[in-house]
Amino acid sequence: MNKMEKALHELSEMDELAAGASPIHRLCAPGKLLTTIAYIAVVLSFHKYELSGMLALLLYPVLLFQISGVSVGSFFYKLRIVLPLVMAVGLFNPFFDRQILVTVGGVGVSGGVISMLTLMLKGVLCLMASYLLMATTPIDVLCAALRKFHIPGTLVTLLLLTYRYIGVMTEELATMTEAYHLRAPGQKGIHVSAWGSFLGQLLLRSMDRAEELYNSMLLRGYHQHFHYAPVKPCTWKDGAVTLCSIALFLLLRFCNVAELLGGLFVR
Amino acid sequence: MIEFRNVNFAYEKERPVLRDLSFRIGDGEAVGLIGANGAGKSTVMKLLLGLLFPASGEILVDGAAVGKKSLPEIRRKLGFVLQNSDNQMFMPTVYEDMIFAPLNYGLSREEAEKKVDAALEKLGMRELKHRHNHKISGGEKRMAAIATILAMEPEAVLMDEPSSALDPCNRRRVINIIRELKQTKLITSHDLDMILDTCERVILLDRGQIAADGPAEQILRDRTLLEAHRMELPFCLAGRK
Ligand SMILES: Nc1ncnc2c1ncn2[C@@H]1O[C@H](COP(=O)(O)OP(=O)(O)OP(=O)(O)O)[C@@H](O)[C@H]1O
Ligand SMILES: [Mg+2]
């Protein structure tokens, strides 16, 4: 398998993960969507020094990973390119904000370090929540849920097709790199001299295929309106789970559970 | 039902692909469109479907000229199997791909699902229903592509190389299904034995012009004619003469 095929494989793995049958997978999509949005909103609402309070929010992804059977490893592996970028966001805070806020074991920790850690944690938590949503909900069900919330159809279709076209492009790239390596044995990567034509070809080919795919949709009666899989009606159970989760987030947001627990032991 | 009137077409101005092409296909007729590589067979199909438009001339489907306005109605009548099935299947699973057209044409999900199941049954490929499109073999994809069109129940079936990539057993199955179809059929293929089995009439295309048009039995037995246009006798006839 070359690198591209691996990428393709990973993409299709998302589809398969999403087709699982855990209790989380079975929850209704609009509920999951709402919970995820609420979670992200709560995470983002934390003040930049509220690191200890935020730690408690780890509870949600941990529980979800446990129940849904999605492996934590897969999260870190699949997002290995995005994660460092997200982590890098607050990297310079320690240089600007040097005021000592707390001392841990005699060593002073500056506000900059804390706000850096807070930002990093925020990034990771948001990514985790979105990943868990994607890994437990098939893309078209998710799109259907978005439509339920009256997100414009064009936007949702765009999302769905982008997701598909990434697959198309990766597929083309895989075929091309394979053809290249069969005729350039022993070469690592693609020689610089071929990059230009390679990229050009890739674009042309992906565009051709995208056009043919779109034609094939048109030939089968498509006009700006996708028929998504029917959204499973939300039961009172789904509603209860959603409400409880959101209530839990709010609880964790407004009382610092880590501090409370810590207080129990100190006293 | 299908008519080409003096159709001219070129992708690039200096290289005409179809030259003054005229023919008629009646309701329920099964026609094989044959010709060497690059003769213009796929182009004829695309013109018919309104994916391309002729430089001059007219194309009629059921008396209506193929044009921007009439397209939705015309496309509703025509089911097309693309030469490359990879470009036909765009949903994640075979099932979702198959149900796409019936839903677009206003069937309820239950009705649509029934059509899908019937088509799968007909092709003997029920076990493929929930497979992922990019994880099935080339031939399976081809069968699935044919199934998507059957589920659509069009008035005419256009097939570009339906038997390519199929194993002998599936090829036979597809041939039998094509023979059973009551619809008007236009089939291009290099598999002349299949054309002989499925079509009563053959149009031989050479460099964008009609070289011969007549009963399949007659044209496909004419060695001199076929060889003059870069073709060969079907295998089943080659030995007998
Ligand atoms: N997109 C395009 N742009 C320019 N020329 C094209 C394009 N598609 C096809 N052609 C040319 O038009 C001619 C007819 O092509 P067409 O695909 O109709 O042939 P065909 O009879 O289907 O051949 P095959 O048996 O190989 O499928 C060929 O000479 C081809 O090179
Ligand atoms: Mg062709």
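Worth saying up front: this structure is predicted, and the values here are computed from it rather than measured.

(A) Molecular detail of the domain arrangement of chain A. All names here are of chain A. Taken as a whole, chain A is organised into domain 1 (3-138 + 232-265) and domain 2 (153-219). With centres defined by C-alpha atoms, the gap from domain 1 to domain 2 works out at 33 Å. The interface formed by domain 1 and domain 2 holds zero salt bridges in total. For the side of domain 1 that touches domain 2, a count of residues per class yields six nonpolar, no polar and two charged.

(B) Focus on the interface of chain A and chain B. Taken together, the contact pairs 23 residues of chain A with 26 residues of chain B. Buried surface at the junction of chain A and chain B, both sides included, amounts to about 2,300 Å², of which 57% is carbon and sulfur. Where chain A meets chain B, there are two salt bridges. Close ionic contact of Glu 212 of chain A with Lys 46 of chain B constitutes a salt bridge, the shortest N to O distance being 3.8 Å. Listed by contribution, the elements that provide at least two residues to the side of chain A that touches chain B are helix H1 (3-18), helix H11 (153-183) and helix H12 (192-219) of chain A. Broken down by element, the side of chain A that touches chain B gets its largest block of residues, eight residues, from H12 of chain A.

(C) Representation of the coordination of the magnesium ion (ligand 2) in the model. Residue and element names in this part refer to chain B. In the first shell of the magnesium ion (ligand 2), the protein supplies Ser 42 (OG) and Gln 83 (OE1), at 2.0 to 2.4 Å from the metal. With Ser 42 in helix H1 (residues 41-48) and Gln 83 in the loop between strand E6 (78-81) and helix H3 (94-104), this pair connects stretches of sequence that are 41 residues apart. Note on Ser 42: relative accessible area 19%, which makes it buried.

(D) Layout of the site of ligand 1. All names here are of chain B. As a structural note, the neighbourhood of ligand 1 is formed by 14 residues, with Asn 37, Lys 41, Ser 42, Thr 43 and His 190 the closest of them. The separation between an oxygen atom of ligand 1 and a polar main-chain atom of Gly 40 is 2.9 Å. A distance of 3.0 Å is found between an oxygen atom of ligand 1 and a side-chain nitrogen or oxygen belonging to Gln 83. In the complex, the protein chains occlude 66% of the 640 Å² of accessible area that ligand 1 would expose alone. If you list the elements that add at least two residues to the shell around ligand 1, you get strand E1 (2-12), strand E2 (15-25) and H1. The element that contributes the greatest number of residues to the shell around ligand 1 is H1, accounting for three residues. The class makeup of the residues in the shell around ligand 1 is four nonpolar, seven polar and three charged.

Calculation notes
Residues numbered from 1 in each chain as written. Chains lettered and ligands numbered in written order. Predicted model: local features only at pLDDT ≥ 70, side-chain atom pairs only at ≥ 80, totals over all residues. Heavy atoms only, no water. Domains from an automatic or database assignment. Salt bridge = Lys/Arg side-chain N within 4 Å of Asp/Glu carboxyl O. Nonpolar A, V, L, I, M, F, W, Y, C, P; charged D, E, K, R; others polar. Contact = heavy atoms within 4.5 Å. Buried area = accessible area lost by both parts, 1.4 Å probe. Helix = DSSP H or I, 4+ residues; strand = E, 2+ residues; numbered from the N terminus. Donors = N, O, S within 2.8 Å, 3.2 Å for Na, K, Ca; no water. Buried < 20%, exposed > 50% of the residue type's maximum accessible area, 1.4 Å probe, protein only. Near = heavy atom within 4 Å. Polar contact = N/O pair within 3.5 Å; in protein donor to acceptor, adjacent residues only side chain to side chain. Areas by Shrake-Rupley, 256 points an atom, 1.4 Å probe, with all protein chains shown as cover.

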